[in-house]
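Read off the chains here:
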Amino acid sequence: MAKQKIVVKMAVNSEKKSRKALKIAVSVAGVESASFVGSDKHQIALTGERIDPIQLTKLLKKGVGHTELVSVGSVEETAPAPPASATAPAPPASATVSQAPIVAPQINYPYCYNYGVPYNIYQGPYNNDLACSIM
């Protein structure tokens, strides 16, 4: 999915409200970066994937006050430039060391969870008998 850029204008008149607005903006799902835009710093520019502009505007209206959605658009991604020294020699094959990933062993213990507290299951000597011992 392509990245989005959303610009939101707010009526904030204090540093406290602007910090609160930025905190609310970055809490929305999908937001990767946020910054103040404009000379008066009353606009926030957000970039990310699958950001819901309606939800963002509602949250900012509830938390800060009057909020206006200025623009919603896609971000054009630029291709990274190739490295300047493309003719650098590669290291010899014997110099590279490949390591196998470290995997922790899985140990299955007989635990039971009762209301979030684990405890061991007691397996006594008569645990395997299926017959009734009373008769």
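This write-up is about the structure you can find in this document. A quick note: this is a predicted structure, and the numbers were derived from the prediction, not measured.

### Looking at a positive patch on the surface
Step number 1: On the surface, a cluster of positive charge is made up of Lys-16, Lys-17, Arg-19, Lys-20 and Lys-23.
Step number 2: Mapped onto the fold, Lys-20 is located in helix α1 (residues 15-26).
Step number 3: In this structure Lys-20 comes out as partly exposed when scored by relative accessible area, which is 40%.

### Things to note about the pairing of strand β1 (residues 4-10)
Step number 1: By the criterion of burial, β1 is predominantly enclosed, with five of the seven residues buried.
Step number 2: Pairing analysis gives seven bridges linking β1 to strand β4 (residues 67-74), with the strands arranged antiparallel. Along β4, the bridge assignment pairs Ile-6 with Val-72.

### With respect to the pattern of salt bridges
Step number 1: According to the stated counting rule, one finds one salt bridge in the structure shown.
Step number 2: Between Glu-32 and Lys-3 there is a salt bridge, with the nearest N and O atoms lying 3.1 Å from each other. You can see Glu-32 sitting in strand β2 (residues 31-37) and its partner Lys-3 sitting in the segment before β1, a full 29 residues away along the chain.

### Quick word on the sheet that holds β4
Step number 1: The sheet built from four strands is open, its strands ordered β2-β3-β1-β4 with antiparallel pairing. The two strands at the open ends of the sheet, each matched to only one other strand, are β2 and β4. Neighbouring strand axes in the sheet, compared pairwise and without regard to direction, differ in orientation by 20° on average.
Step number 2: Two elements, β1 and strand β3 (residues 43-48), share six bridges in a ladder whose sense is antiparallel. Counterpart to Val-8 in the pairing with β3 is Ile-44.
Step number 3: Strand contacts of helix α2 (residues 53-63): β1, β3 and β4, with the helix running at about 155° to β4, the strand carrying the most contacts.

### Remarks on unusual backbone geometry
Step number 1: Even without a glycine there, the phi angle at Lys-41 is positive, about 55°.
Step number 2: Inspection of the secondary structure puts Lys-41 in the loop between β2 and β3.

### Let's talk about the nonpolar core
Step number 1: In this structure, Val-8, Met-10, Ala-21, Leu-46, Leu-56, Leu-60 and Val-64 are the most contacted members of the largest nonpolar core, which totals 15 residues.
Step number 2: The residues touching Ala-21, leaving out its near neighbours within four places in the chain, are Met-10, Ile-44, Leu-60 and Val-64.

### Details of α2
Step number 1: Listed in full, the buried residues belonging to α2 are Pro-53, Leu-56, Thr-57, Leu-60 and Gly-63. An end-on view of α2 places all buried positions within 140° of arc, on one side of the element. In α2, the exposed residues that point more than 90 degrees away from the buried face are Ile-54, Lys-58 and Lys-62.
Step number 2: At its buried positions, α2 is contacted by β1, α1, β3 and β4.
Step number 3: Gly-65 sits one or two positions beyond α2 and adopts a positive phi of about 135°.

Conventions adopted
Residues numbered from 1 in each chain as written. Predicted model: local features only at pLDDT ≥ 70, side-chain atom pairs only at ≥ 80, totals over all residues. Heavy atoms only, no water. Patch = residues over 30% accessible without salt bridge, like charges linked within 9 Å, V, L, I, M, F, W, Y side chains within 5 Å. Areas by Shrake-Rupley, 256 points an atom, 1.4 Å probe, with all protein chains shown as cover. Salt bridge = Lys/Arg side-chain N within 4 Å of Asp/Glu carboxyl O. Lys, Arg positive; Asp, Glu negative; His and termini not counted. Charge placed at Lys NZ, Arg CZ, Asp CG, Glu CD. Helix = DSSP H or I, 4+ residues; strand = E, 2+ residues; numbered from the N terminus. Buried < 20%, exposed > 50% of the residue type's maximum accessible area, 1.4 Å probe, protein only. Pairing = 2+ DSSP bridges. Axes fitted to C-alpha atoms, helices over the stretch in contact; angles between N-to-C directions. Contact = heavy atoms within 4.5 Å. Core = buried A, V, L, I, M, F, W, Y, C linked by side-chain atoms within 4.5 Å. Arc of directions from axis to C-beta.

All quantities given are derived from atomic positions and should not be read as evidence of function.
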